[in-house]
Amino acid sequence: MFTYKIDDNIHLELLQQVHFDGLLNVLKRNQKDLGKWMSWIGTTCSIGDYQKFMNRMLSRNVKGLDIHSIIFYNNIIVGGICLTDIDKTNKKADAGYWLDFAYRKRGVITKVLPHMIEYAFFSLKLNRVNIVCSVVNSDSNKVPQRLGFRPEATLKEWELVNGEPHDFNIYGITKTAWEKKHTLKYSENFKYAIVKG
Ligand SMILES: CC(C)(COP(=O)(O)OP(=O)(O)OC[C@H]1O[C@@H](n2cnc3c(N)ncnc32)[C@H](O)[C@@H]1OP(=O)(O)O)[C@@H](O)C(=O)NCCC(=O)NCCS
């Protein structure tokens, strides 16, 4: 199984069926809060529905369309991070993330996301990563801002969140801009971890 160490406390595992029970536990515990921004979580109730979402993510991982990974903190599942809609033709993908409420404000996503981005640039050979978040989701907006993404546009009523139209900010970073701002210390390990399987 792919695991990747971020630091002494945090590691990632590529989503597997074996994570289902642990994931269900965290998602249910955070359903109300996560559901504010990720509508499907707010409205998903049955175990069968969660399994359907899981199957979709597993299938997209296998096809190389997305990479859904689980974040562990001291070996406990605390969140998820993903690259979605990996577009090898145009060399771009979107990044997404969520955390258990109890593990926020410790810098977990800010530490993990650069590894995912470097995997996108240096292993998948993509050229650009996007992050799209509702303008009123301030904690989510702060993540790309902190990592030097460029705020590129505000998309009017881009998505319905729990049935309400929300404006979304789109942030982007190109490989060239990333290389100017960040040290390149993650990619080879990440690649090795994936290849090693
Ligand atoms: C979006 C979300 C993952 C952000 O979580 P977060 O904990 O604020 O983000 P990080 O893990 O990067 O932590 C950064 C915070 O920890 C603080 N921090 C503490 N120690 C830190 C460290 N060593 N390094 C970096 N930041 C640190 C930072 O100051 C920052 O707090 P601030 O925003 O008040 O300045 C979380 O709010 C969430 O899960 N929301 C619901 C799901 C969601 O909206 N997902 C995104 C959809 S687009």
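Residues numbered from 1 in each chain as written. Predicted model: local features only at pLDDT ≥ 70, side-chain atom pairs only at ≥ 80, totals over all residues.

- Per an unreviewed UniProt entry, the chain carries the name GNAT family N-acetyltransferase and comes from Proteinivorax hydrogeniformans.

## Focus: helix H4 (residues 47–63)
In an α-helix, one full turn covers 3.6 residues, which means residues spaced three or four apart are oriented alike.
Reasoning step 1: With 17 residues, H4 ought to run about 24 Å at 1.5 Å a step, and its terminal C-alpha atoms sit 24 Å apart, in line with that.
Reasoning step 2: Within H4, only zero of the 17 residues are buried, leaving the element largely exposed.
Reasoning step 3: In the segment just after H4, Gly-64 is the residue with positive phi, at about 75°. (Helix = DSSP H or I, 4+ residues; strand = E, 2+ residues; numbered from the N terminus. Expected span 1.5 Å × (residues − 1). Buried ≥ 20, exposed ≤ 12 C-beta atoms within 10 Å, placed from the backbone.)

## Side note on unusual backbone geometry
Reasoning step 1: In this model, Asn-74 sits at a positive phi of 45°, which is unusual for a non-glycine residue.
Reasoning step 2: The residue Asn-162 is not glycine, and still its phi comes out positive at about 50°.
Reasoning step 3: Relative to the helices and strands, Asn-162 is located in the loop between strand E7 (150–161) and strand E8 (164–174).

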